[in-house]
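Examining the three-dimensional arrangement
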Amino acid sequence: MSTPVTVYVPRDSAARSVGADEVAAAVRSAADRPIRVVRNGSRGMLWLEPLVEVATGEGRIGYGPVRPEDVDGLLAAGMLDGGDHELRLGLVDELPWMRGQDRLTFARVGVTDPLSVDDYVAHGGLAGLRRALERTPAEVVEEVTASGLRGRGGAGFPAGIKWKTVLEAAGPLKFVCCNADEGDSGTFADRMLMEGDPFCLIEGMLIAAYAAGATEGYIYIRSEYPDAIDTMRAAIDIAHAQNWLGEGILGSATNFELFVRVGAGAYICGEETSMLESLEGKRGMVRAKPPIPALSGLFGKPTVVNNVLTLASVPMVMADGADAYQARGVERSRGTQVFQLAGNIARGGIVETAFGISLGELINEFGGGTGSGRPVRAVQVGGPLGAYIPASDLDLPMDYEAFAAAGAMVGHGGIVVFDDTVDMAKQARFAMEFCAEESCGKCTPCRVGSVRGVEVVDRIIAGEDRDTNLDLLEDLCELMTDGSLCAMGGLTPLPVRSAMRHFSEDFLARDAGDRTGTAGRPVPEDAASGPPAP
Amino acid sequence: MTVGHSLSIEDRVRAIVTAHDGERGRLLPILHGIQAEFGYVDEAVVPVLAQELNISRADVHGVITFYHDFRKAPAGRTEVRVCRGEACQAVGAENLMAHAQRRLGVSTGETTPGGDVTLEQVFCLGNCALGPSVQVNGRLYGRVGTERLDTLMAEADAR
């Protein structure tokens, strides 16, 4: 009894949002023998949070979802020895949800203490960086290119090609900027990685910096993520103390300084050039391209801009080699993607698996269908600028090109499920409203088009000159798609048009007082009224 | 706001600017610092920042007004931010927001007359599998229904 039992209670903010702190406190105060509480990241089985794990001789036994008031009963049932209880889930690594995945980028998330140097190294940390430092920057770029790793932020641009451009750009000062402005609804993997394995992101940025010849880096984290900000800052301090950052990193000639910068509630700053403007201390106005950021980025210097998951995938690519990564996936979508099941879903969370899995497998087999138990009606993939996909198309494989061919986008793999009470005309209106609210205002199609878009959808819903207004909306969508400066205005038509195409019945005129769609579907009271004014 | 502070607003702003000396593109970190110090970004700081950073007042004003986070006036004692992202909409966020508005008698972005509660909308708190999500005084809560929201607001008010 002298060795304390290790109990894991996640510190991930999603777990905290449903009481993980209270559970950790209850376990600490009620345990009748010495325990060591580790606040790990989340395993990504968010419906089971707070998920408590106990280290036993046979492995880590999970209990969840645990409420503070369950703790006494769990301890009485012998939880500290892996004892039986109705909340006992068994060995966490053996749960079907975990076994069905191929965790590379998320290999350590939920497993380790996020701020433990020993845990990080013991679980494979730094292997990628060490291997990179033994090679020339050009060889590292070549390896990342050969792996097929594409930008995970949504656009899917090959990471190695971007790095090569920066490496070959002349100049004494270059930057690596990590886009952690994860503003899209339905995405939380960036946040979970930063909270659950921050050293992995730091290592990825170090490899990028070495490959591109950069000496200074910034992680631009949205202000809505206070836990991720705190964890990254703490990790950077620890990394400095370990000489993983600073000068002469790991005994090499490589120098790299890394800073966290906090956004200020502007969705558009997730667009890379807008983020660069914001990092420069300016309004987050989108820049016209060219010049591309790789040549003229932050303060006009050559800059690598990558998303959190892209950079966090790099250590594994370098540690295991390009072939191991390239061997996974389909067609031109190589490696794994960290899918995020969200919205009205029974089992929401993180599913990291090779590209090529179908949307239906993710939603039904991993996700268990809707949380409400009603039929799935629509699924939005890729954030607020992603298409709505009807339930009849769930056989679509998760593959950049297959989605593009279907008029949709994989984006960053965020999947938001809606049941059959959703009003798709209202969702189309929201897409326009969101664009109007968050447009940077630089280009007219986005700034004005979105406002006109809300008005036109309102007229359609009200039954005014329906056919004319539907044509007008289609026209407006075409103009925004072709004429906008960036993806904000350029992709807002994607959810609008997909809603019109697949759910045309929702755009039929409703008489005043008629609260049902023409298909006779009941529309819940809150769905029939317009959203509150911003 | 100045109770307990012997320094003028200008001096306090200058101290925040100095704390960020040497940082590249430091206006945003400075504005976050000002909001943390004063609870909002008063118009009076604009000329001070313009002078300190050697940029125009229009530039400073432009940056402050671009970002949703920077408040023009202090928030209420309790700040409630309801997520209106699509994932939360799929589980009833619009209903929750309508409830909060009715309950507080304010629209989004407004503060109740006594300065008790400020109601804000936010587009995504990164808790999309456990919605509807709400932030109360910076703390994130998941699976918040109307009753839970009432409880959370009452608890915040009692503190």
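Residues numbered from 1 in each chain as written. Chains lettered and ligands numbered in written order. Predicted model: local features only at pLDDT ≥ 70, side-chain atom pairs only at ≥ 80, totals over all residues. Heavy atoms only, no water.

Under an unreviewed UniProt entry, chain B has the name Formate dehydrogenase subunit gamma and belongs to Actinomadura alba. The record held by UniProt for chain B lists under Cofactor (unreviewed entry) the comment "[2Fe-2S] cluster". Within the UniProt record for chain B, the comment given under Sequence similarities (unreviewed entry) is "Belongs to the complex I 24 kDa subunit family." (UniProt positions renumbered as here; feature names shortened; annotations may be inferred.)

Looking at an unreviewed UniProt entry, chain A carries the name NADH-quinone oxidoreductase subunit NuoF, with the source organism given as Actinomadura alba. Per UniProt, chain A has the following entry under Sequence similarities (unreviewed entry): "Belongs to the complex I 51 kDa subunit family."

Taken together, the 68 residues of chain A in the interface contact 46 residues of chain B. Linking chain A to chain B there are five salt bridges. Of the charged contacts, one joins Arg 84 of chain B and Glu 433 of chain A as a salt bridge, the two residues approaching to 3.3 Å between their closest N and O atoms. At the junction of chain A with chain B, the criterion picks out 26 residue pairs in polar contact (both at pLDDT 80 or more). Residues that form the side of chain A that touches chain B fall into these classes: 33 nonpolar, 18 polar and 17 charged. (Contact = heavy atoms within 4.5 Å. Salt bridge = Lys/Arg side-chain N within 4 Å of Asp/Glu carboxyl O. Polar contact = N/O pair within 3.5 Å; in protein donor to acceptor, adjacent residues only side chain to side chain. Nonpolar A, V, L, I, M, F, W, Y, C, P; charged D, E, K, R; others polar.)

Residue and element names in this part refer to chain B. Ordered in space as β2-β1-β3-β4, the four strands form an open sheet in which the pairing is mixed. Among the strands making up the open sheet, the edge pair consists of β2 (117-122) and β4 (139-141). Along the sheet, successive strands turn relative to each other by an average axial angle of 20 degrees, direction set aside. Two elements, strand β3 (residues 134-136) and β4, share three bridges in a ladder whose sense is antiparallel. In the sheet register, Val 136 faces β4, and the bridge partner there is Arg 139. (Pairing = 2+ DSSP bridges. Helix = DSSP H or I, 4+ residues; strand = E, 2+ residues; numbered from the N terminus. Axes fitted to C-alpha atoms, helices over the stretch in contact; angles between N-to-C directions.)

Moving on, we get to the domain arrangement of chain A. Residues and elements named next belong to chain A. Here the domain parsing of chain A yields domain 1 (5-99), domain 2 (117-326), domain 3 (329-419) and domain 4 (424-528). Taken together, the contact pairs 15 residues of domain 3 with 17 residues of domain 4. In this assembly, domain 3 packs against domain 4 so that about 1,300 Å² is buried in total across both faces, 66% of it on carbon and sulfur atoms. Sorting the residues of domain 3 by area buried against domain 4 places Arg 377, Leu 385 and Tyr 388 first, and these three jointly supply 56% of that buried surface. The tally of links from domain 3 across to domain 4 stands at two salt bridges. Put simply, Asp 506 and Arg 377 hold a salt bridge, and the shortest N to O gap is 2.9 Å. Inspection of the region where domain 3 meets domain 4 yields four residue pairs in polar contact (both at pLDDT 80 or more). (Domains from an automatic or database assignment. Buried area = accessible area lost by both parts, 1.4 Å probe.)

In this section: the packing of aromatic side chains. Residue and element names in this part refer to chain A. As enumerated under the stated definition, the model contains 17 aromatic pairs over all chains in all. Centroid distance Tyr 267 to Phe 434: 4.7 Å. Interplanar angle 70 degrees. Geometry classified as edge-to-face. Of the two residues, Tyr 267 sits in the loop between β8 (257-262) and α12 (272-279) while Phe 434 sits in helix α17 (residues 424-438), which places them 167 residues apart along the sequence. The two residues Tyr 267 and Phe 434 agree in class, both being buried. Joined through ring pairs, the aromatic side chains of Phe 175, Tyr 218, Phe 259 and Phe 299 make up one cluster. (Phe/Tyr/Trp six-rings, centres within 6.5 Å; stacked < 30°, edge-to-face > 60°. Buried < 20%, exposed > 50% of the residue type's maximum accessible area, 1.4 Å probe, protein only.)

Here we take up the nonpolar core. All names here are of chain A. Of all hydrophobic cores here, the largest spans 147 residues; its most connected members are Trp 163 and Ile 219. Here the element with the most residues in this core is helix α10 (residues 198-212); it accounts for twelve residues. Here Ile 219 is in contact with Cys 178, Ala 180, Met 194, Leu 201, Met 205, Met 232, Ile 236, Leu 258, Phe 259, Val 260 and Arg 261, once residues within four sequence places are set aside. By size, the runner-up hydrophobic cluster in this structure holds 32 residues, among which are Ile 357, Val 379, Ile 389 and Met 398. (Core = buried A, V, L, I, M, F, W, Y, C linked by side-chain atoms within 4.5 Å.)

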